[in-house]
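# Understanding the architecture of this molecule
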Amino acid sequence: TTSWRPGYSVRDQRELPVLATTPTGAYELRVRLMDGATETGVATLSAISVDGRPRLMEQPYVEKPVRATFGENLLLAGMNDLPGSPIAPGSTLPLTFVWKPLHTSAGPLVRSVQLLDAAGALVAQSDGIPCGETCPATSWLPNEYLVDTTALSIPAQLPPGAYSVIVGWYDPETQKRLPGVDVDGASLRDNMAQLGDVTVGN
């Protein structure tokens, strides 16, 4: 401020993070001018509404417990059972996961669901943010539960047979997967949890 001249405009752009623990409600955005520890001026800039998503703090029912942990970030508590009857090429495979965050992430994370053939080749994939993009990792609270419903599109020309469904997480900035371990602490292959097989029929 010692270099400012009368009538001179200064553009000061800042990012103000809203913590995941911030209660929902109405707030005021203010700016204060300080001279050391002394406030010399204050102005209210605008009203701000913080609208958080509902929090689920008790584990919901899971049809198939899985228990896999990814990094220090979250636990896969379970999922819905995979369909027992064959699914048709060109259809979609609905999936619901129940995740338990262990920490609030400092940056974004992406959930990746993949479909592999008998040789381990990738034939379908669905990446995204849990809860229909409404539960980004930076909003997680420790020990809450996320009910994450997604769908995996089955290619129309996929040959009949058995295919494996796997899930994992990665950092979109580095493209590196989070380390995955099972309930016994053993490393998951390719850091992806094996969920089971589905049959693709005609």
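Not measured: the values here are computed from a predicted model. (Residues numbered from 1 in each chain as written. Predicted model: local features only at pLDDT ≥ 70, side-chain atom pairs only at ≥ 80, totals over all residues. Heavy atoms only, no water.)

Right, let's talk about the overall build of the protein chain for a bit. When you go through the protein chain residue by residue, the secondary structure sums to one helix and eleven strands. Counting helices and strands in the order they occur from the N terminus, the protein chain gives β-β-β-β-β-β-β-α-β-β-β-β. Relative to its full complement of 202 residues, the protein chain shows a buried share of 33%. Pairs at least 24 apart in sequence give 67% of the contacts found in the protein chain among residues at least 6 apart. Counting only carbon and sulfur atoms, one obtains 52% of the accessible surface of the protein chain, whose full area is about 12,500 Å². Looking at charge distribution, the protein chain has the averaged site of its 14 positive side-chain charges lying 6 Å from that of its 21 negative ones. (Helix = DSSP H or I, 4+ residues; strand = E, 2+ residues; numbered from the N terminus. Buried < 20%, exposed > 50% of the residue type's maximum accessible area, 1.4 Å probe, protein only. Contact = heavy atoms within 4.5 Å. Areas by Shrake-Rupley, 256 points an atom, 1.4 Å probe, with all protein chains shown as cover. Lys, Arg positive; Asp, Glu negative; His and termini not counted. Charge placed at Lys NZ, Arg CZ, Asp CG, Glu CD.)

What holds strands together in a sheet is hydrogen bonding between their backbones, with the strands either parallel or antiparallel. With respect to topology, four strands assemble into an open sheet ordered E7-E6-E9-E11, the strand pairing being antiparallel. The open sheet has two edge strands, strand E7 (122-128) and strand E11 (193-200), and neither has a second partner. Shown here is a sheet whose adjacent strand axes are inclined to one another by a mean of 20 degrees, direction ignored. In this structure, strand E6 (residues 110-116) lies alongside strand E9 (residues 161-170), joined through seven bridges in antiparallel fashion. Note that in E9 the partner of Val 110 across the bridge is Tyr 170. (Pairing = 2+ DSSP bridges. Axes fitted to C-alpha atoms, helices over the stretch in contact; angles between N-to-C directions.)

The five strands lie next to each other as E8-E5-E4-E3-E10, forming an open sheet whose pairing is antiparallel. The sheet terminates laterally at strand E8 (146-153) and strand E10 (180-181), the two strands that pair on one side only.

Bringing the state of the cysteines into the picture now. A full pass over the atoms with the stated rule returns one disulfide. One disulfide in the model links Cys 131 with Cys 135; its S-S distance is 2.5 Å. Here the S-S torsion is close to -100 degrees, and the disulfide linking Cys 131 with Cys 135 is therefore left-handed. Judged by its relative accessible area of 19%, Cys 131 falls in the buried class. (Disulfide = S-S within 2.5 Å.)

Here we take up the nonpolar core. Counting residues in each nonpolar core, the largest one holds 33 residues, and the members touching the most others are Phe 70, Phe 97, Trp 99, Leu 115 and Val 165. Broken down by secondary-structure element, the contributors of at least two residues to this core are strand E3 (64-70), strand E4 (74-79), strand E5 (92-101), E6, E8, E9 and E11. Beyond its immediate sequence surroundings of up to four residues, Leu 115 is in contact with Ala 121, Leu 122, Val 123, Ala 124, Leu 152, Ile 154, Leu 158, Tyr 163, Ser 164, Val 165 and Val 198. (Core = buried A, V, L, I, M, F, W, Y, C linked by side-chain atoms within 4.5 Å.)

Where nonpolar side chains cluster on the molecular surface, the patch consists of Leu 16, Tyr 27, Leu 29, Val 31, Leu 45 and Ile 48 and spans about 540 Å² of accessible area. Secondary structure elements with two or more residues in the nonpolar patch: strand E1 (25-35) and strand E2 (38-50). Top contributing element to the nonpolar patch by residue count: E1, with three residues. With respect to the secondary-structure elements, Leu 16 resides in the segment before E1. (Patch = residues over 30% accessible without salt bridge, like charges linked within 9 Å, V, L, I, M, F, W, Y side chains within 5 Å. Salt bridge = Lys/Arg side-chain N within 4 Å of Asp/Glu carboxyl O.)

What follows covers the pairing of E2. Sheet topology places E1 next to E2; eleven bridges connect them, and they run antiparallel. By the bridge assignment for E2, Leu 33 is matched with Gly 41. Taken together, E1 and the strand that follows it, E2, pair antiparallel across an intervening segment of two residues, in which Gly 36 is found at a positive phi of about 70 degrees.

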